[in-house]
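Observations on the three-dimensional arrangement
The chain contents come next:
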Amino acid sequence: MAPSGKSLADTDEKILVGAGEQPAWLTLALANRHGLVTGATGTGKTVSLQVMAEGFARAGVPVFASDIKGDLSGISQTGEAKDFLVKRAGELGLTYQPDQFSTVFWDVFGEQGHPVRATVTEMGPLLLARMLDLNDVQEGVLNVAFRVADENGLALIDMKDLRALLDAIIPDTKKGADAEADPLAPIRKAAQSFGNVTRATVGTIQRQLLVLENQGGTKFFGEPALTLTDFMKTDRDGRGMINILVADKLLQNPRLYATFLLWMLSELFEELPEVGDVAKPKLVFFFDEAHLLFNDAPKALMDKIEQVVRLIRSKGVGVYFVTQNPLDVPDRVLGQLGNRVQHALRAFTPRDQKAVAAAADTFRPNPKLDTAKVITELGKGEALVSFLEGNGTPSMVERVLIRPPSARIGPVTAEERKAVIAASPVKGKYDTEIDAESAYELLQQRIAGKAATTEGSSGVLGTIGNLAATIFGTNVKRGQLSTTQVIARNVARQVTDKVVGGIAADLGKQVGGSLGSSIGRSLVRGALGGLLRR
């Protein structure tokens, strides 16, 4: 029954998620204090996620969410006034109003959405080691490779760049004159200066790269790299855009899925400015199947994850983890999640019973509820809810009915998906892959003994060519780029990318390499090993 005397509708300051004896309001100013949505399979987690995503979008807050089963894609289509939805709305004192929301589909494989790419340099050695399941020794060698690339101006764009670099740091067994004639000798020497790099360890990393390639991971690395501000847009009505990552195929490689989303969080953390406490978030990020992020994560990575989750709220980003069991989230991360939606849990095993007890203990007690008992009795579409209120303290836990979504519940058809992609505000920006000059080409030039520029140019064209070579660093000693030349190369790539789009794929070979998608990026690695953008 709807609570009497209460106005049940979203306001400029809060979102209505559901209602019981009291309405369950999610305060926008506290939404960047993160959250957790848990519950057993089939209890309504995806619907709760959709309800919150719709509320944020109506409030002008962009949303990013991964779609594991395809059910969330229906948010792009107008809902239908089905009997059970109308009935649920009536029970809450609402009038059901069908709606749809501006949506952008993304897909690492580029099949059901816009391609999502990052450069190897942006990913960084820590996250890449996680993706490849490397041990400490192998991760150390990968760090050496990245350091050598950074110091020698070797842009790591895609997998062939990383493979070429790994081949280049393998110690050479040649001696004497043969060793001196090795065009890659300076790189091998630089690698050995950081520690013992063995052929066997590099070979193991190469084999792990092959496994990742066979799983389709090569499609994730390349250019044009994703510009994360494309997630933070509003439509012409001022509503937040809902960005959906198509993840059904991606989830077949759990490490790639988890590492990709963690990379996105770290990039947001590094790129966005500090904003402090804001009236509403700049972006809300829903991380479904969140247990994959923490499974078998080494302590060093867990420390970094905790740091990012703790500090990213000051950038105006709210992170909401969605998983079956609250025990899936480590305590030190769980303590950062202030807004909670708990669907039913089943206590069939000792671990299940422990999970129920743990979930009950995380809520602020309500003397009217036996929280642990209610968790096992909740029906589909019911939840225990506790949101932050006032000065940031959790509200007492309430048993509520989740309001019905306004958009469609369930997946879109292939034709509907194509129509949404065709109308996307980023249509054409990421569709054509760019293969700019990078580590692979530069190392091949060394091996072939070719100069970076054609010698013997004369006349006006020759003068122009020599000037350009000086600016972009193509006439300096191979592998030695100044900071100015690195920045100039990035400027050139950025301009060609934006002005000529797909033609930049050819121009990139002539103009020079790239260290990523940002201008003037400094060679300083951030919290999770990615390249900071300044």
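None of the values given here were measured: they were computed from a predicted structure.

Thoughts on the overall build of the protein
Secondary structure summary: the protein contains 19 helices and 14 strands in total. Per-residue burial over the protein gives 55% buried out of 534 residues. Contacts in the protein between residues at least 24 apart in sequence constitute 74% of all its contacts with a sequence separation of at least 6. About 22,700 Å² of surface is accessible on the protein, with carbon and sulfur atoms providing 52% of the total.

Let's talk about the nonpolar core
For soluble globular proteins, nonpolar side chains are generally found buried alongside one another. Within the largest apolar cluster, 90 residues are counted, with the highest numbers of intra-cluster contacts made by Leu128, Ile169, Phe220, Phe260 and Phe321. Here the element with the most residues in this core is helix H9 (residues 254-271); it accounts for 11 residues. Beyond its immediate stretch of four places on either side in the chain, isoleucine 169 contacts Val141, Ala145, Ile187, Arg188, Ala191, Gln192, Val197 and Val202. Counting residues in each nonpolar core, the second largest holds 37 residues, with Ile15, Val37, Phe286 and Val400 among its members.

Comments concerning the pattern of salt bridges
Evaluated as defined, the whole model comprises 24 salt bridges. Among the salt bridges present, the one from arginine 58 reaches aspartate 10, with a minimum N-O distance of 3.0 Å. One end of the pair, arginine 58, is in helix H1 (residues 45-58); the other, aspartate 10, is in the segment before strand S1 (14-19), with 48 residues separating them in the sequence. Arginine 58 is the salt-bridge partner of glutamate 54, the closest N and O atoms lying 4.0 Å from each other. Linking glutamate 54 with arginine 58, this pair stays in helix H1, spanning four residues, or about one helical turn. The network of salt bridges with shared partners includes Asp10, Glu54, Arg58 and Arg403.

Description of the packing of aromatic side chains
Two descriptors summarise a pair of aromatic rings, namely the distance from one centre to the other and the angle between the planes of the rings. Tallying each qualifying case throughout the model produces 14 aromatic pairs. Ring geometry for phenylalanine 287 versus phenylalanine 321: centroids 6.0 Å apart, planes at 35°, classification tilted. A residue pair is termed long-range when its members are at least 10 positions apart, and phenylalanine 287 in strand S8 (residues 283-288) and phenylalanine 321 in strand S9 (residues 317-323) qualify at 34 residues. We classify phenylalanine 287 as buried; its relative accessible area is 0%. Residue class for phenylalanine 321 comes out buried when judged on its relative accessible area of 0%. Summarising the aromatic geometry, the rings of phenylalanine 294 and phenylalanine 321 are spaced 5.8 Å apart at their centres and angled 55° between planes, so their arrangement reads as tilted. Linking phenylalanine 294 in helix H10 (residues 291-294) with phenylalanine 321 in strand S9, this pair joins segments that are 27 residues apart in sequence. Taken together, the aromatic side chains of Phe64, Trp106, Phe231, Tyr257, Phe285, Phe287, Phe294, Phe321 and Tyr430 make up a single cluster linked through ring pairs. Above the face of the tryptophan 25 ring, lysine 14 is positioned so that its terminal group lies 4.5 Å from the ring centre. The cationic tip of arginine 417 hangs over the ring face of phenylalanine 105; the distance from NZ or CZ to the ring centre is 4.6 Å.

As for H9
Compared with an ideal rise of 1.5 Å per residue, which puts 18 residues at 26 Å, H9 spans 26 Å between its outermost C-alpha atoms and is within 8% of the ideal. Here H9 lies mainly inside the structure; 15 of its 18 residues are buried.

Structural notes on the environment of threonine 78
As for its position among the elements, threonine 78 is in the loop between strand S4 (63-67) and helix H2 (83-91). Put simply, threonine 78 and glutamine 100 are 22 residues apart on the chain and 4.4 Å apart in space, counted from C-alpha to C-alpha. Within the local environment of threonine 78, its side chain forms a polar contact with the side chain of glutamine 100, the two groups lying 3.0 Å apart.

Some words on the sheet that holds S1
Taken in spatial order, the 12 strands of this open sheet run S2-S1-S14-S11-S10-S3-S9-S8-S4-S7-S5-S6, and their pairing is mixed. Either end of the sheet is taken by a strand with one partner, and the two such strands are strand S2 (23-27) and strand S6 (114-115). For strand S11 (residues 382-386) and strand S14 (residues 398-402), the ladder comprises four bridges, and the chain directions are antiparallel. If you follow valine 385 over to S14, its bridge partner there is glutamate 398. Of the strands in this sheet, S1, S2, strand S3 (35-38), S4, strand S7 (242-246), S8, S9, strand S10 (339-342) and S14 touch H1, which is tilted by about 150° from S1. Contacts from helix H15 (residues 414-422) reach strand S5 (103-107), S6 and S7, with the element oriented near 105° to S5.

So, the pairing of S8
The buried fraction of S8 amounts to six of the six residues, a majority that puts the element mostly inside the structure. Examined bridge by bridge, S4 and S8 share three bridges and lie parallel to one another. Each residue of the ladder has a partner; that of alanine 65, found in S8, is phenylalanine 286. Taken together, the six bridges between S8 and S9 define a ladder with parallel strand orientation. Bridge pairing in S9 links phenylalanine 287 to phenylalanine 321.

Looking at the packing of H9 against helix H11 (residues 299-311)
Remark: H9 packs on H11, axes separated minimally by 10 Å, with the N-to-C direction vectors making an angle of 50°. Looking at the two axes, H9 sits oblique to H11. Read as a crossing pair, H9 and H11 show a hand that is left-handed. Facing H9, whose interface residues are Leu262, Leu265 and Phe269, H11 presents Leu301, Ile305, Val308 and Leu311.

Rules and cut-offs
- Residues numbered from 1 in each chain as written.
- Predicted model: local features only at pLDDT ≥ 70, side-chain atom pairs only at ≥ 80, totals over all residues.
- Heavy atoms only, no water.
- Helix = DSSP H or I, 4+ residues; strand = E, 2+ residues; numbered from the N terminus.
- Buried < 20%, exposed > 50% of the residue type's maximum accessible area, 1.4 Å probe, protein only.
- Contact = heavy atoms within 4.5 Å.
- Areas by Shrake-Rupley, 256 points an atom, 1.4 Å probe, with all protein chains shown as cover.
- Core = buried A, V, L, I, M, F, W, Y, C linked by side-chain atoms within 4.5 Å.
- Salt bridge = Lys/Arg side-chain N within 4 Å of Asp/Glu carboxyl O.
- Phe/Tyr/Trp six-rings, centres within 6.5 Å; stacked < 30°, edge-to-face > 60°.
- Lys NZ or Arg CZ within 6 Å of the ring centre and 35° of its normal.
- Expected span 1.5 Å × (residues − 1).
- Polar contact = N/O pair within 3.5 Å; in protein donor to acceptor, adjacent residues only side chain to side chain.
- Pairing = 2+ DSSP bridges.
- Axes fitted to C-alpha atoms, helices over the stretch in contact; angles between N-to-C directions.
- Parallel < 35°, antiparallel > 145°, perpendicular 65-115°, else oblique.
- Left-handed = near helix turned anticlockwise from the far one by under 90°.

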